[in-house]
Amino acid sequence: MHRLCASSTTPACGMDPPVSTPTASETASSVRLRRGSRVGGLARAAIAAATTARDRRKGEAKVTHQEMGSVKRLIDIAVSATGLVLLSPVLAGIALVSLILLGRPVLFRQERPGLRGRPFRLVKFRTMRADRSGEVERTPDAERLTRWGRFLRRQSLDELPELWNVLRGEMSLVGPRPLLVEYLPLYSARQARRHEVLPGMTGWAQVNGRNALSWEEKFELDVWYVDHRTLGLDLAILLATLTTVARRRGISAAGEATMRRFEGSETEAKEREGAT
């Protein structure tokens, strides 16, 4: 048996068959055969078609979002400019009452992160009193929020000056709400994706629970909007916002005057605790 295997060149005996170097004519013939092969042609065609379709989908998605961004910007300009003109009596009336009840300043200005996290100066009607030292941040919301401020917030009237931010291109009518700059380092990589689009006066999270949601739920809805945004969805959100405001849904979190501060993802906090 050993003698047979020793003299055999078959793979069954554990030996590789001798390798012969093909001649130039054999190589050329083999290449022509593969190129002319119907199976090989179909495989190459299928791969090419799949690659083309994939590239086309990527290109179409990019172009669609670019085109949507251009159209959306035109809509933002038209609506915000028209709104500021038509609502100017309302804005003036709110400003006058706020001046009488809260004093100066009538408007609240604060830096907020916008597109790609770039800061801009948000403007809205002031709804809270400053504390005695004049440092607004130190007094709890429940103590600073006035009856007039609660009314403005229930009706979302305090947000109307943000039309100016929309007109300037710092915000959009629809998008994730602009939060505090100090939250930026607390986001997970996924949560930070909410800054891939302009912040909005209203958004997908606002019509799906508003401040009654947890931070994690809000951020998930924001990222969902970033991935699925269309002009049709924006229109649906604007219409749903009217219903949400009219029904006064989700104005504040349970047990809070507005919303508790974001201190980092609860999921990540649990993971860090588990790691330690």
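### Considering the confidence of the model for the protein chain
Moving on, step 1. Looking at the protein chain as a whole, the pLDDT averages 78, with 65% of positions reaching at least 70.
Moving on, step 2. For the protein chain, the element scoring lowest by mean pLDDT is helix H1 (residues 2-7), at 43; helix H7 (residues 162-167) scores highest, at 98.
Moving on, step 3. Scored below 50 in pLDDT, residues 22-39 shows 3 contacts in the model against residues more than four places distant or in partner chains.

### As for unusual backbone geometry
A negative phi angle characterises most non-glycine residues, just as the trans form characterises most peptide bonds.
Moving on, step 1. Residue Pro105 is bonded to the preceding Arg104 through a cis peptide linkage, with omega at -5°.
Moving on, step 2. Examined against the element boundaries, Pro105 turns out to sit in the loop between helix H4 (88-102) and strand S1 (107-113).
Moving on, step 3. Look at Ser156: it is not a glycine, yet its phi comes out positive at around 60°.

### Some remarks on the pattern of salt bridges
Moving on, step 1. Scanning all chains against the criterion turns up 11 salt bridges.
Moving on, step 2. The salt bridge partner of Glu159 is Lys124, with a shortest N-O separation of 3.5 Å. Of this pair, Glu159 sits in the loop between helix H6 (147-154) and H7 while Lys124 sits in strand S2 (residues 119-125), and the two are 35 residues apart along the sequence. Pair check on accessibility: Glu159 and Lys124 agree, each one buried.
Moving on, step 3. The residue Arg193 makes a salt bridge to Glu196 at a minimum N-O spacing of 2.8 Å.
Moving on, step 4. Overall, Arg193 belongs to the partly exposed group, its relative accessible area being 23%.
Moving on, step 5. The partly exposed category is assigned to Glu196, whose relative accessible area is 41%.
Moving on, step 6. Beyond isolated ion pairs, a larger network of salt bridges with shared partners links Lys124, Asp158, Glu159, Glu162 and Arg177.

### Examining a nonpolar patch on the surface
Moving on, step 1. Where nonpolar side chains cluster on the molecular surface, the patch consists of Leu96, Val97, Leu99, Ile100 and Leu101 and spans about 450 Å² of accessible area.
Moving on, step 2. In this fold, Leu96 is placed in helix H4.

### Structural notes on the pairing of S2
Moving on, step 1. Of all the 7 residues making up S2, 5 are buried; the element is thus mostly covered by neighbouring parts of the structure.
Moving on, step 2. Pairing of S1 with S2 involves 7 bridges; the strand directions are antiparallel. Bridge assignment links Leu107 to a residue of S2, and that residue is Phe125.
Moving on, step 3. Two successive antiparallel strands, S1 and S2, enclose a turn made up of 5 residues, where Arg116 displays a positive phi of approximately 60°.

Scoring rules and cut-offs
- Residues numbered from 1 in each chain as written.
- Predicted model: local features only at pLDDT ≥ 70, side-chain atom pairs only at ≥ 80, totals over all residues.
- Heavy atoms only, no water.
- pLDDT = per-residue confidence, 0-100.
- Helix = DSSP H or I, 4+ residues; strand = E, 2+ residues; numbered from the N terminus.
- Contact = heavy atoms within 4.5 Å.
- Salt bridge = Lys/Arg side-chain N within 4 Å of Asp/Glu carboxyl O.
- Buried < 20%, exposed > 50% of the residue type's maximum accessible area, 1.4 Å probe, protein only.
- Patch = residues over 30% accessible without salt bridge, like charges linked within 9 Å, V, L, I, M, F, W, Y side chains within 5 Å.
- Areas by Shrake-Rupley, 256 points an atom, 1.4 Å probe, with all protein chains shown as cover.
- Pairing = 2+ DSSP bridges.

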